[in-house]
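# A structural walkthrough
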Number of protein chains: 2
Amino acid sequence: MSNVAIEPVVAFLKTLQDDICQALEAADGRAKFVEDNWQREEGGGGRTRVLTDGAVIEQGGVNFSLVSGNKLPPSATAHRPELAGRTWRACGVSLVIHPKNPFIPTSHANVRFFVAEKEGEAPVWWFGGGFDLTPFYPFDEDIKHWHQTAHGLCAPFGNDIYPAHKKWCDEYFFLKHRNETRGVGGLFFDDLNQWDFDTCFEYIKAVGRGYIDAYVPIMEKRKDTPFGEKERQFQLYRRGRYVEFNLVFDRGTLFGLQSGGRTESILMSMPPLARWEYNFQPDKDTAEGKLTNYLKPRDWLS
Amino acid sequence: MSNVAIEPVVAFLKTLQDDICQALEAADGRAKFVEDNWQREEGGGGRTRVLTDGAVIEQGGVNFSLVSGNKLPPSATAHRPELAGRTWRACGVSLVIHPKNPFIPTSHANVRFFVAEKEGEAPVWWFGGGFDLTPFYPFDEDIKHWHQTAHGLCAPFGNDIYPAHKKWCDEYFFLKHRNETRGVGGLFFDDLNQWDFDTCFEYIKAVGRGYIDAYVPIMEKRKDTPFGEKERQFQLYRRGRYVEFNLVFDRGTLFGLQSGGRTESILMSMPPLARWEYNFQPDKDTAEGKLTNYLKPRDWLS
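Each value, and the rule that gives it
Residues numbered from 1 in each chain as written. Chains lettered and ligands numbered in written order. Predicted model: local features only at pLDDT ≥ 70, side-chain atom pairs only at ≥ 80, totals over all residues. Heavy atoms only, no water. Helix = DSSP H or I, 4+ residues; strand = E, 2+ residues; numbered from the N terminus. Contact = heavy atoms within 4.5 Å. Polar contact = N/O pair within 3.5 Å; in protein donor to acceptor, adjacent residues only side chain to side chain. Phe/Tyr/Trp six-rings, centres within 6.5 Å; stacked < 30°, edge-to-face > 60°. Buried < 20%, exposed > 50% of the residue type's maximum accessible area, 1.4 Å probe, protein only. Least-squares fit on C-alpha atoms with pLDDT ≥ 70 in both. 1 Å grid on protein atoms, 1.4 Å probe; cavity = no way out; pocket = protein on both sides within 12 Å on 5 of 7 lines; lining within 4 Å. Points joined across faces, edges and corners; volume = space filled by probe spheres on them. Nonpolar A, V, L, I, M, F, W, Y, C, P; charged D, E, K, R; others polar. Expected span 1.5 Å × (residues − 1). Bend = angle between axes of the 7 residues up to and from the residue. Pairing = 2+ DSSP bridges. Axes fitted to C-alpha atoms, helices over the stretch in contact; angles between N-to-C directions. Buried area = accessible area lost by both parts, 1.4 Å probe. Parallel < 35°, antiparallel > 145°, perpendicular 65-115°, else oblique. Left-handed = near helix turned anticlockwise from the far one by under 90°.

A few words now on the environment of Thr-225 of chain B. Residue and element names in this part refer to chain B. Position of Thr-225 relative to the elements: it lies in the loop between helix 5 (197–222) and helix 6 (229–248). Considered as a pair, Thr-225 and Met-268 are 43 residues apart in the sequence and their alpha carbons are 26 Å apart. Excluding its chain neighbours within four sequence positions, the residues that come into contact with Thr-225 are Asn-101 and Phe-103. Separated by 3.1 Å, the side chain of Thr-225 and the backbone oxygen of Arg-222 make a polar contact.

This next bit is on the packing of aromatic side chains. Residues and elements named next belong to chain A. In the structure shown here, the tally under the stated rule is 65 aromatic pairs over all chains. Note on Phe-113 and Phe-127: the rings are 4.6 Å apart at their centroids and 40 degrees apart in plane angle, and the pair reads as tilted. Of the two residues, Phe-113 sits in strand 5 (residues 106–117) while Phe-127 sits in strand 6 (residues 124–134), which places them 14 residues apart along the sequence. Exposure remark for Phe-113: the relative accessible area of 1% places this residue in the buried category. When the ring of Phe-113 is compared with that of Phe-197, the centres are 5.7 Å apart and the planes differ by 70 degrees; the resulting orientation is edge-to-face. Within this pair, whereas Phe-113 is found in strand 5, its partner Phe-197 is found in helix 5 (residues 197–222), the two being separated by 84 residues in sequence. Neither Phe-113 nor Phe-197 differs from the other in exposure class; each is buried.

What follows is about the relation of the copies chain B and chain A. For the pair of chain copies, the relating operation is a rotation around an axis with a shift along it. Expressed as a screw transformation, the operator carrying chain B onto chain A has a rotation angle of 180 degrees and an axial translation of 0.0 Å, and the superposed copies differ by an RMSD of 0.0 Å. The superposition of one copy onto the other is thereby described by a two-fold rotation axis. Both copies contact each other with a shared surface, as 100% of the interface residues of chain B are interface residues in chain A too.

The subject of this paragraph is empty space enclosed by the protein. Under the definition given, this model contains nine cavities of 30 Å³ or more. Its volume calculated, the largest cavity comes out at about 90 Å³. Lining the largest cavity, in full, are Arg-178, Tyr-237, Trp-276, Glu-277 and Tyr-278 of chain A together with Val-50, Gln-59, Glu-264, Leu-267, Met-268 and Met-270 of chain B. Its residues assigned to classes, the lining of the largest cavity shows seven nonpolar, one polar and three charged. Within this model, the second largest cavity holds a volume of roughly 80 Å³. Taken together, Thr-106, Thr-134, Pro-135, Phe-136, Leu-175, Arg-182, Arg-238, Arg-239, Arg-241, Tyr-242, Leu-291 and Leu-295 of chain A form the lining of the second largest cavity. It is helix 6 (residues 229–249) of chain A that provides the largest number of residues to the lining of the second largest cavity, a total of four residues. Within the lining of the second largest cavity, the residues separate by chemical class into six nonpolar, two polar and four charged.

The end-to-end C-alpha distance of helix 5 of chain A, which contains 26 residues, comes to 38 Å, matching closely the 38 Å that a straight helix rising 1.5 Å per residue would cover. At Arg-209 of chain A, helix 5 of chain A shows its largest kink, close to 25 degrees.

Once that is clear, we can look at the pairing of strand 6 (residues 124–134) of chain B. All names here are of chain B. Counted residue by residue, strand 6 has 11 buried out of 11 residues, so it is predominantly covered. What you see with strand 6 is no split at all: Val-124, Trp-126, Gly-128, Gly-130, Asp-132 and Thr-134 on one side and Trp-125, Phe-127, Gly-129, Phe-131 and Leu-133 on the other are buried throughout. Sheet topology places strand 5 (residues 106–117) next to strand 6; 11 bridges connect them, and they run antiparallel. Along strand 6, the bridge assignment pairs Arg-112 with Gly-128. In this antiparallel pair of consecutive strands, strand 5 and strand 6, the connection spans six residues, and Gly-120 shows a positive phi of 85 degrees.

All names here are of chain A. Spatially, the seven strands line up as an open sheet ordered 1-2-3-4-5-6-9, and their pairing is antiparallel. Both edges of this open sheet fall to strand 1 (34–39) and strand 9 (185–192), since each of them pairs with a single strand only. Each strand of the sheet is rotated relative to its neighbour by a mean of 5 degrees, with strand direction disregarded. With 12 bridges joining them, strand 3 (residues 57–69) and strand 4 (residues 87–99) adopt antiparallel strand pairing. From the neighbouring strand, Gly-60 faces strand 4, where its bridge partner is Ile-97.

For the rest of this paragraph, the subject is the interface of chain B and chain A. Every contact between the two is made by 33 residues of chain B and, on the other side, 33 residues of chain A. A per-residue breakdown of the area chain B buries against chain A is headed by Glu-264, Trp-276 and Tyr-278 of chain B, which together make up 30% of the total. Mapped onto the side of chain B that touches chain A, the elements with two or more residues apiece are strand 2 (44–52), helix 6, helix 7 (251–258), helix 8 (263–266) and strand 10 (273–275) of chain B. Per element, the largest residue contribution to the side of chain B that touches chain A is seven residues, and it comes from helix 6 of chain B. Partitioning the side of chain B that touches chain A into residue classes produces 17 nonpolar, seven polar and nine charged. Summarising the sheet, strand 10 (residues 273–275) of chain A and strand 10 of chain B pair through three bridges and their orientation is antiparallel. Across the sheet, Leu-273 of chain A pairs through a bridge with Arg-275 of chain B, a residue of strand 10 of chain B.

Another point: the packing of helix 3 (residues 140–154) of chain A against helix 5 of chain A. Residues and elements named next belong to chain A. It is at 9 Å that the axes of helix 3 and helix 5 come closest, and there the two elements cross at 160 degrees. Compared by their axis directions, helix 3 and helix 5 come out roughly antiparallel. Where helix 3 crosses over helix 5, the handedness of that crossing is right-handed. Contacts between helix 3 and helix 5 involve Glu-141, Asp-142, His-145, Trp-146, Thr-149, Leu-153 and Cys-154 from the first element and Tyr-203, Ala-206, Val-207, Gly-210, Tyr-211, Asp-213, Ala-214, Tyr-215, Pro-217, Ile-218, Lys-221 and Arg-222 from the second. For the contact of helix 3 with helix 5, the class distribution of residues is 11 nonpolar, three polar and five charged.

For the rest of this paragraph, the subject is the sheet that holds strand 3 (residues 57–69) of chain B. Residue and element names in this part refer to chain B. Across the sheet, which stays open at both edges, the seven strands sit in the order 1-2-3-4-5-6-9 with antiparallel pairing between neighbours. With one partner strand each, in any of the chains shown, strand 1 (34–39) and strand 9 (185–192) form the two edges of the open sheet. For this sheet the average axis-to-axis angle between neighbouring strands, irrespective of direction, equals 5 degrees. The strands touched by helix 3 (residues 140–154) are strand 5, strand 6 and strand 9; relative to strand 9, the strand with the most contacts, the crossing angle is about 35 degrees.

This is how it looks when you write it as structure tokens:
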């Protein structure tokens, strides 16, 4: 079995954050990410990078964090009592991009690593992550590109990986009270330690880098599509659903807020502007009404 | 002991909904509430009333509902196993008003009644409710008026009621991850059955009617205060905190969404427009910075 070590993961994640920010800045063409370094009292810290008011990106955040603790809290170990009392470290890159143009989807990506240690015993570790796309005005070719990129990066790890992590994504990003998915999915996985450490790490690298390949071409392709007030208002309305998912369902957000995480970095995922309207139901035949057809799981490869 | 009956409570709540809508329409001077009647498959239904794009009220909803079930779900009876399997009915009026002018606070009020019955046994029942105020640019005289109205309506029920329900309100409407209250409080109570049914019912009536006396004068007083883009943007930013509270902490919202309640009526509380900005921290000496001083419990009567 390969050596479990957090240092190479941390190094990769920092480089990934750099690469993603650089690719997004290049695609935006105007605004730059501003970095905010922060420390956490209980151990660790992070570097939060935020881009606002770009030519293409209305608001976006790409966050790196490395946090640690001397003792896992009971809430984190309820289902794994063998972890109680272990020291732990967790690191990850998490990002959400809210573009200005409603024809560019919102995107989210995350890769993370967790390890709990105890002297004289083998470390307990796992990876998690994925990326998912939330269009307002979906283009089939964009969604196919997104899923083909996901499928391609999964392929070296086995034919069962894309279908499994695609399904997990559809199930995870689901708004029960709206009976709809958050968007058109992608990849999602947690507790990944089914291969040896090196192979799991390779997969995480592929997912992190794959996000750039999956998203930037869509930004480029749609950034000059003309839009008006109707499209803008629909985008703001749909961003409300994004807020609902993140605050009601997203485990990372809720665990972060409840466990005393850094609120500003966690809620970096919130949209710059969102709206709610009572009982808004666009006609089925309109461009807005057609989005509904995309908010249920679909095979995007055939 | 007085007779426990839901019918007079339902009748009162419908009249209260009418009275509140009428008072708010009069204060708005332009827009009218639009009613939406709905049925619930499992039993009961409601009438949701929404006012949008008024002269004073940007968006507001006043909802009446009466719902019932044949069997209380385990989640509702975890702490009261004696209720398991009982038939139940619940009714209430719930409202949130989001004014356009940032100098008028957002307001919320709710009164509700719950009864669980079983043949041959005494019904188990309680009332709940309250009202609370969320200013953006607080005026001490408005907040004093709000709390004096609350204090005045509580007085006939004992000198301990206002302090107890004021404290409960401060504790309930608290955003742990922001370390601030949602606003400047008011009244909040649950599981109220400490008096006989008639007295509890009288208290609920006083709270429901008291909301109009507490809020409408503030609307009237501030509705013509000039404001600009700076105040508007701050209002939208602070509305983000309202969204955070309602989706992360509010038990009524979360229970409603999780238990298959009517989503559109539950999320009627969402603001028409809200925004988020990374790490926004107004200078302490500005009008915006001063709000922070109001977001912790304070005695408003002395």
